[in-house]
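Read off the chains here:
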Amino acid sequence: MSKPTVGIFGLTGCAGDQLAILNCEDQLLDLVALIDVREFLMASSENDTECSLDLALVEGAVVSERDAARLQAIRKRSKALVALGTCAVWGGVAAMDRGLDRRKLIEEVYGPTGLGYDSIPAQALHEVVKVDLKVTGCPIEKDHFLAAIANLLNGNAPIYPQYPVCTECRMLENNCMLVERGEPCCGPITAAGCQARCPGLRVACVGCRGPATDFNAPSLVAMLAAKGFDRQRIAARLRTFAPVEVA
Amino acid sequence: MSVVVIEHLARVEGHGGITVELEGDSVASVRFDVFEGARLLEPLIRGKSYDEVAPTLSRICSICSAAHTLTSLKATENAFDVHVSPQTDLLRELMFRGESIESHALHLFLLAAPDYLDYPSAIAMAADKPAAVLLGLRMKKLGNLIQETIGGRAIHPVNAVPGGFGKPPTVDQLIELRSGLTQGMADSDAAIDMMASLPAADFCHSDTVYAALRSPNLDSYYSGDEVMAVSDGNRAIVHAADYKSLTSEQSIPHSHAKHSSFRGRPFMVGSLARLTVNPRRLTGRLAVAMKRLKFQLPADNPMDNNKAQALELISDVERALEIIEQLLRAGVKDERPVPIHPRAGTGTAITEAPRGLLIHSYTYDAAGCIVSADVITPTALNAASMELHFRRAVEQCADREEAVISKRLQMIARAYDPCISCSVHLLRRA
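Sequence order as written defines residue numbering, which begins from 1 separately in each chain. Chain labels run from A onward and ligand labels from 1 onward, assigned in the order the entries are written. For a predicted model such as this one, the threshold for reporting local features is a pLDDT of at least 70, and the threshold for listing and counting side-chain atom pairs is 80 or more; totals across whole chains, interfaces and linings nevertheless cover every residue. By convention in this description, side-chain values take in all heavy atoms of the structure and omit both hydrogens and water.

Asks: Can you explain the overall build of chain B? Please cite residues and give values.
Replies: Each helix and strand in chain B was counted, giving 13 helices and 12 strands. A radius of gyration in this sense is built from C-alpha atoms; the matching globule rule multiplies 2.2 Å by the number of residues raised to 0.38. At 21 Å, chain B has a C-alpha radius of gyration in line with the 22 Å of a compact globule built from 430 residues. Seen through its principal axes, chain B has C-alpha atoms that stretch 65 × 50 × 40 Å. Any pair of residues with heavy atoms lying within 4.5 Å of one another is described as a contacting pair. Counting contacts in chain B only where the partners sit at least 6 residues apart, residues at least 24 apart contribute 71% of the total. We treat Lys and Arg as the positive residues and Asp and Glu as the negative residues; His and chain ends play no part in the count. To locate a charge, the coordinates of NZ of Lys, CZ of Arg, CG of Asp or CD of Glu are taken. Here chain B contributes 44 positively and 51 negatively charged side chains, and the mean placements of these two sets differ by 3 Å. To qualify as a helix, a DSSP run of H or I must reach at least 4 residues; to qualify as a strand, a run of E must reach at least 2; elements of each kind are numbered from the N terminus.

As structure tokens, this is what we get:
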């Protein structure tokens, strides 16, 4: 059987999910023996930018017309498209600008020259093209990436936790940041899969993996408001990595 | 008029290109193009509480995420006049070393070395030279192990918070790191062997101004508040509070990265600049390795930045080991972060990220929410110097074959180890 053809792409972001792939130091050489990587600009100067692909792995958000056009071209040549990381799945930190006047922000940072830049409000991949699998995380967990590849090679879809960080955190018997320490922890609404990394280190969750399925933001806001936190501050915290509406 | 265009610069972080216009034999124009989309993080974090600033601005860049996190914390703590414990200072320096080892190993073995040996990638190189690629991966993993142990995660660390660490590492964890670093000592010597075995890259010579953090003990990526610029034996110092004098006030149409100059001249930051500004670091095993690499200061060849990174692999492993010994001798305390009392004010921090000077400067209101934030990254600082060196390389290239010019330009660009997602973040206009 011929090896599946794969492309690894970055739109606008920090390249952290591509780096997470390169951080699989113990598996990297075995991995590239199982798949045929045709395009990976961050790691190779020899890229086939036209060939059809069995699998496209795409990280980053769409924040420019150029990003949108690239994503559409990738979709066209790929059988399956995987969104890698919180920016690709939710829009990520660049999507904090929803509702703000983007032109005004650009002018503030770059001056009048900035008004000529190609810039649109940040979008997740599924808002622009069909996405077949979402692997969230900022960055993605290495294990989740390897599980995705292993499953896809066998024709399966990987299964990721749908429950919130709190579930993992309780199973690990950490002290509760929210109830016991009164900190604005995003654990109750954030997708698990990180083994409650932050609360395990006595640090409140910032929500970097995006929302869990059926999350209840108003309930968390009510609880934090009862503890004396400012509603505006909570709203800003909850929407750092994903467009979570709290009203 | 003929034009040399490198549309998509490969084996670098982010999206950029190079365009050179030639008129006869002379170079009409040189551009380092940045295609990275604008994420506008500095204005978007306005109003955010001080404890959310580092985890948000860390997302500027993955490869430098530890440096962004720690520089952000240092700026916030300066604004609130917070003084962290000596243990926190040591653990932060250790995180910087871990990041530097990971970043340099990734760059030298996986991104830069394939150029010298005419491979398109480290994956292709691994078929013929598995030992070199495995060595690179092993050093990279060591750097990540340090970052995971101290920072809680290899990319976008979570354990470093305002005032200290959520949970300091245990003695057992430090002992495990120590054994990894002992192997790292031998590996960093092998890295010098690998670099010394590469063909010379001798095609660009230029007078260069170098700028780096002047650290009080001559070897810190984290402590210190002054930048020293060095050129032709002349030295000048810029204090953190005057950091804006390092940057010009010019946005340019072809790039989202603003160009910087020091007294009207472009300057270079990064490993080569660090060794030039703090040459007293070059003793012991470093001095021996310098001879093997035929590396001399002051350097006039930007490709020597690759050799300087290899030398830093040695000093990073040594310094990390020293810090761990020091922590084990003193006994690691399970201490909580120093309490923070927000107040209105401004704080600026300058550090050395793997690819050079990194500056974060914030103004806070009395409640500890961000009023304004400036972030100046090494790749933005290097942009003007890169263009100068592209120009010199084309001028000094007797061969007018486009393929020859193109390859040399790409090798120079990669020697700067650019982080293009970083470069779009720059000084806000005053």
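Back to the write-up after that little detour.
Asks: Tell me what's going on with helix α3 (residues 65-79) of chain B, and back it up with residues and numbers.
Replies: Helix span is expected to be 1.5 Å times the residue number reduced by one. Helix length check: α3 of chain B (15 residues) gives 21 Å between terminal C-alpha atoms against 21 Å at 1.5 Å per residue, within 8%. Note on α3 of chain B: the residue one or two positions beyond its end, Asp 81 of chain B, has a positive phi of about 55°.

Asks: Give a detailed account of the pattern of salt bridges, specifying residues and quantitative values.
Replies: Between Lys or Arg on one side and Asp or Glu on the other, a salt bridge is scored when a side-chain nitrogen of the former is within 4 Å of a carboxyl oxygen of the latter. In this structure the tally under the stated criterion is 38 salt bridges over all chains. Salt-bridge contacts for Arg 414 of chain B lead to Asp 115 of chain B; the nearest nitrogen and oxygen are separated by 2.7 Å. Of this pair, Arg 414 of chain B sits in helix α12 (residues 402-415) while Asp 115 of chain B sits in helix α4 (residues 86-116); the two residues are 299 residues apart in sequence, bridging distant segments of the chain. The burial state of Arg 414 of chain B is the same as that of Asp 115 of chain B; both residues are buried. Between Arg 292 of chain B and Asp 193 of chain B there is a salt bridge, and its shortest N-O distance comes to 1.9 Å. With Arg 292 of chain B in helix α9 (residues 285-292) and Asp 193 of chain B in helix α7 (residues 171-197), this pair connects stretches of sequence that are 99 residues apart. Three exposure classes are used, based on accessible area relative to the maximum for each residue type with a 1.4 Å probe and protein chains only: buried under 20%, partly exposed in between, and exposed over 50%. Accessibility expressed as a relative area gives 44% for Asp 193 of chain B, which makes it partly exposed. Beyond isolated ion pairs, a larger network of salt bridges with shared partners links Arg 233 and Arg 237 of chain A together with Lys 48, Asp 51 and Glu 52 of chain B.

Asks: A description of the packing of helix α11 (residues 378-395) of chain B against α12 of chain B should follow, citing residues and the corresponding values.
Replies: Residues and elements named next belong to chain B. Only the stretch in contact is used when fitting a helix axis, every axis being a line fitted to C-alpha atoms; angles between N-to-C directions are given from 0 to 180 degrees. Contact geometry for α11 and α12: axes closest at 10 Å, N-to-C directions at 150°. Accordingly, the angle class assigned to the pair α11 and α12 is roughly antiparallel. The two elements α11 and α12 cross, and the hand of that crossing is right-handed. Mapping the contact onto sequence places Met 386, His 389, Phe 390, Ala 393 and Val 394 in α11 and Ile 405, Leu 409, Ile 412 and Ala 413 in α12. Note on residue categories: nonpolar means Ala, Val, Leu, Ile, Met, Phe, Trp, Tyr, Cys or Pro, charged means Asp, Glu, Lys or Arg, and polar means any other residue, Gly included. Within the contact of α11 with α12, the residues separate by chemical class into 8 nonpolar, 1 polar and no charged. Here the angle decides the label: under 35 degrees means roughly parallel, over 145 means roughly antiparallel, 65 to 115 means roughly perpendicular, and every other value means oblique. In this scheme the crossing of two helices becomes right-handed for a clockwise turn of the near helix relative to the far one and left-handed for an anticlockwise turn of less than a right angle.

Asks: Lay out a nonpolar patch on the surface with the relevant residues and their values.
Replies: Any residue with relative accessible area above 30% and no salt bridge may belong to a patch, with like charges joined within 9 Å and the nonpolar Val, Leu, Ile, Met, Phe, Trp and Tyr side chains within 5 Å. Computed by Shrake-Rupley with a 1.4 Å probe, the accessible areas treat only the displayed protein chains as cover when residues are assessed. Taken together, Met 1, Val 3 and Val 5 of chain B make up a surface patch of nonpolar side chains, about 290 Å² in accessible area. Examined against the element boundaries, Met 1 of chain B turns out to sit in the segment before β1 (2-6).

Asks: Provide a residue-level description of the interface of chain B and chain A, including the pertinent values.
Replies: Across the contact, 68 residues belong to chain B and 56 residues belong to chain A. Summed over both partners, the interface of chain B with chain A buries about 5500 Å², with 61% contributed by carbon and sulfur atoms. There are 7 salt bridges connecting chain B and chain A. Asp 51 of chain B serves as the salt-bridge partner of Arg 237 of chain A, at 3.7 Å between the closest nitrogen and oxygen. Two parts lose some accessible area (1.4 Å probe) when they are put together, and adding that loss for both gives the buried area.

Asks: Before we move on, can you summarise the sheet that holds strand β10 (residues 345-353) of chain B with the specific residues and values?
Replies: All names here are of chain B. Pairing in this open sheet of 3 strands is antiparallel, and the strands run β10-β11-β12 from one edge to the other. The open sheet has two edge strands, β10 and β12 (370-376), and neither has a second partner. The sheet shows a mean angle of 10° between the axes of neighbouring strands, direction not considered. Pairing between strand β11 (residues 356-364) and β12: 6 bridges, direction antiparallel. Pairing between strands requires that DSSP locate at least two bridges from one strand to the other.

Asks: An account of the packing of α4 of chain B against helix α10 (residues 304-330) of chain B is requested, with residue identities and associated values reported.
Replies: Packed helix pairs are characterised by how far apart their axes lie and by the angle those axes make with each other. Residues and elements named next belong to chain B. Running from N to C, α4 and α10 cross one another at 155°; their axes reach a closest spacing of 9 Å. Here α10 runs roughly antiparallel to α4, going by the angle between their axes. Judged by the twist between their axes, the crossing of α4 over α10 is left-handed.

Asks: Account for unusual backbone geometry, with residues named and values stated.
Replies: The peptide bond linking Cys 138 of chain A to Pro 139 of chain A adopts the cis configuration, its omega dihedral lying at 0°. Note on placement: Pro 139 of chain A falls in the loop between β5 (133-135) and α6 (142-153). For the peptide bond that leads from Leu 297 of chain B to Pro 298 of chain B, omega is -5°, which places it in the cis range. Structurally, Pro 298 of chain B can be placed in the loop between α9 and α10. If you check the backbone angles, Leu 40 of chain B has positive phi at about 60° while not being a glycine. The topology assignment puts Leu 40 of chain B in the loop between β3 (26-34) and α1 (41-44).

Asks: Quick rundown of the nonpolar core? Include the residues and the values.
Replies: Put simply, buried Ala, Val, Leu, Ile, Met, Phe, Trp, Tyr and Cys residues joined by side-chain atoms within 4.5 Å make one nonpolar core. Membership of the largest hydrophobic core comes to 164 residues, with the highest contact counts inside it found for Leu 57 of chain A together with Val 20, Phe 109, Ile 150, Leu 311, Phe 390 and Leu 409 of chain B. It is α4 of chain B that provides the largest number of residues to this core, a total of 14 residues. If we skip the residues at most four places from it in the chain, Ile 150 of chain B touches Leu 91, Leu 94, Met 95, Asn 159, Phe 165, Pro 169, Leu 174 and Leu 177 of chain B.

Asks: I'd love a proper account of helix α10 (residues 231-238) of chain A, names of residues and values included.
Replies: Within the span of α10 of chain A, buried status applies to Ile 234, Arg 237 and Leu 238 of chain A. Buried residues along α10 of chain A cover an arc of 95° about the axis, so they all sit on one side. Buried-residue contacts for α10 of chain A involve α9 (217-226) of chain A together with α2 (50-57) of chain B. In this description, the arc belongs to the directions extending from the helix axis to the C-beta atoms.

Asks: Tell me about the sheet that holds strand β7 (residues 226-231) of chain B, and please be specific about residues and values.
Replies: All names here are of chain B. Strands sit in the order β8-β7-β6-β9 across an open sheet of 4 strands; the sheet is mixed. Each edge of the sheet is formed by a strand with only one pairing partner; in this case those strands are β8 (234-239) and β9 (267-268). Sheet topology note: the strand β6 (residues 209-214)/β9 ladder contains 2 bridges and is parallel. Following the sheet pairing, Tyr 210 is matched in β9 by Met 268.

Asks: So what's going on with the packing of aromatic side chains? Residues and values would help.
Replies: Residue and element names in this part refer to chain B. For Phe, Tyr and Trp, where Trp contributes only its six-membered ring, two rings pair if their centres lie within 6.5 Å, and the inter-plane angle classes them as stacked under 30 degrees, edge-to-face over 60, or tilted in between. Under the definition given, this model contains 4 aromatic pairs over all chains. Arranged with centres 6.0 Å apart and planes meeting at 45°, the rings of Phe 96 and Tyr 222 form a pair that is tilted. With a gap of 126 residues between them, Phe 96 in helix α4 and Tyr 222 in the loop between β6 and β7 connect regions that are remote in the sequence. Just as Phe 96 is buried, Tyr 222 falls in that class too. Both rings, one in Tyr 362 and one in Tyr 364, keep their centres 6.1 Å apart while their planes meet at 85°; by these two values the pair is edge-to-face.

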